[in-house]
Amino acid sequence: MTNKKKIHIDYSEFSSIEELNPEDKNLLNIARKNLSNAYAPYSEFKVSAALRLENEEIILGTNQENAAYPSGLCAERVAVFYASANFPKVAFTALAITAQNISDTLKNPVFPCGSCRQVILEYEILQQKPIRFILSGTDGPVIIIDGVKNLLPFSFNSSSLK
Ligand code: THU
């Protein structure tokens, strides 16, 4: 017998950064300001991530491309790996992600790629607290998602390995 099921995903949409609470607004502004530090000469698509840690440290990441294309890394993983390498066991509270294209703008929110979702999930499971995603372009609407599980509802994780 078929048992049809549905998955429910919670997220909020705000029409601009001005509607955010001061903490979220600050983190998104920091991410937007750091877009110019992306190294994206090949795609010309700059991505910036600002990660807030539980100890109030803010870790910045931008995408880092390479002439050997697959050797590059997304902004999110640059930030998250740096945070884990330098502040092990300090929980991640929020991650603001923004991007701009060749015209230096982007009107719509950007979402982390599948590989970054998988990497972030690892740390969210470890810390047992949801990470808040603040997603937006260089301006325009902002999407807030609490918990990477809302971005990756079916996931592979270490429980399968046991
Ligand atoms: N990129 C990110 O930095 N984060 C994402 O979540 C999606 C894509 C980067 C990788 C590459 O440098 C450029 O955007 C174009 O794909």
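Calculation notes
Residues numbered from 1 in each chain as written. Predicted model: local features only at pLDDT ≥ 70, side-chain atom pairs only at ≥ 80, totals over all residues. Heavy atoms only, no water. Helix = DSSP H or I, 4+ residues; strand = E, 2+ residues; numbered from the N terminus. Contact = heavy atoms within 4.5 Å. Disulfide = S-S within 2.5 Å. Phe/Tyr/Trp six-rings, centres within 6.5 Å; stacked < 30°, edge-to-face > 60°. Buried < 20%, exposed > 50% of the residue type's maximum accessible area, 1.4 Å probe, protein only. Expected span 1.5 Å × (residues − 1). Arc of directions from axis to C-beta. Polar contact = N/O pair within 3.5 Å; in protein donor to acceptor, adjacent residues only side chain to side chain.

A. Up close: the side chain of aspartate 24. Mapped onto the secondary structure, aspartate 24 falls in helix α1 (residues 22–33). Apart from residues no more than four positions distant in its own chain, aspartate 24 is found in contact with Arg132, Ile134 and Ile144.

B. Geometry of the state of the cysteines. What the rule picks out here adds up to zero disulfides. Between cysteine 113, a cysteine without a disulfide, and cysteine 116, which holds the nearest cysteine sulfur, the sulfur-to-sulfur distance is 3.8 Å.

C. Highlighting the packing of aromatic side chains. With the rule as written, the count across this model stands at two aromatic pairs. Between tyrosine 42 and tyrosine 69, the aromatic rings sit 5.5 Å apart at their centres with planes inclined by 40°, giving tilted as the arrangement. In this pair, tyrosine 42 sits in the loop between α1 and β2 (46–53) while tyrosine 69 sits in the loop between β3 (58–62) and α2 (75–86), placing the two residues 27 residues apart along the sequence. With 5.4 Å between their ring centres and 50° between their planes, phenylalanine 92 and tyrosine 123 make a pair best called tilted. A residue pair is termed long-range when its members are at least 10 positions apart, and phenylalanine 92 in strand β4 (residues 92–100) and tyrosine 123 in helix α3 (residues 114–127) qualify at 31 residues. Relative accessible area serves as the criterion here: at 4%, phenylalanine 92 is assigned to the buried category. Judged by its relative accessible area of 16%, tyrosine 123 falls in the buried class.

D. Here's a closer look at α1. In this model α1 runs 16 Å from its N-terminal to its C-terminal C-alpha over twelve residues, within 8% of the 16 Å that 1.5 Å per residue would give. Looking only at α1, the buried set comprises Asp24, Leu27, Leu28, Ala31 and Arg32. Relative to the axis of α1, the buried residues are bounded by an arc of 140° and lie together on one face. For α1, the exposed residues set more than 90 degrees away from the buried face come down to Pro22 and Lys33. Among the structural elements, β2, β3, β4, β5 (132–136) and β6 (142–146) are those in contact with the buried residues of α1. Capping the start of α1 is the job of one residue whose side-chain oxygen sits 3.1 Å from the backbone nitrogen of glutamate 23: asparagine 21.

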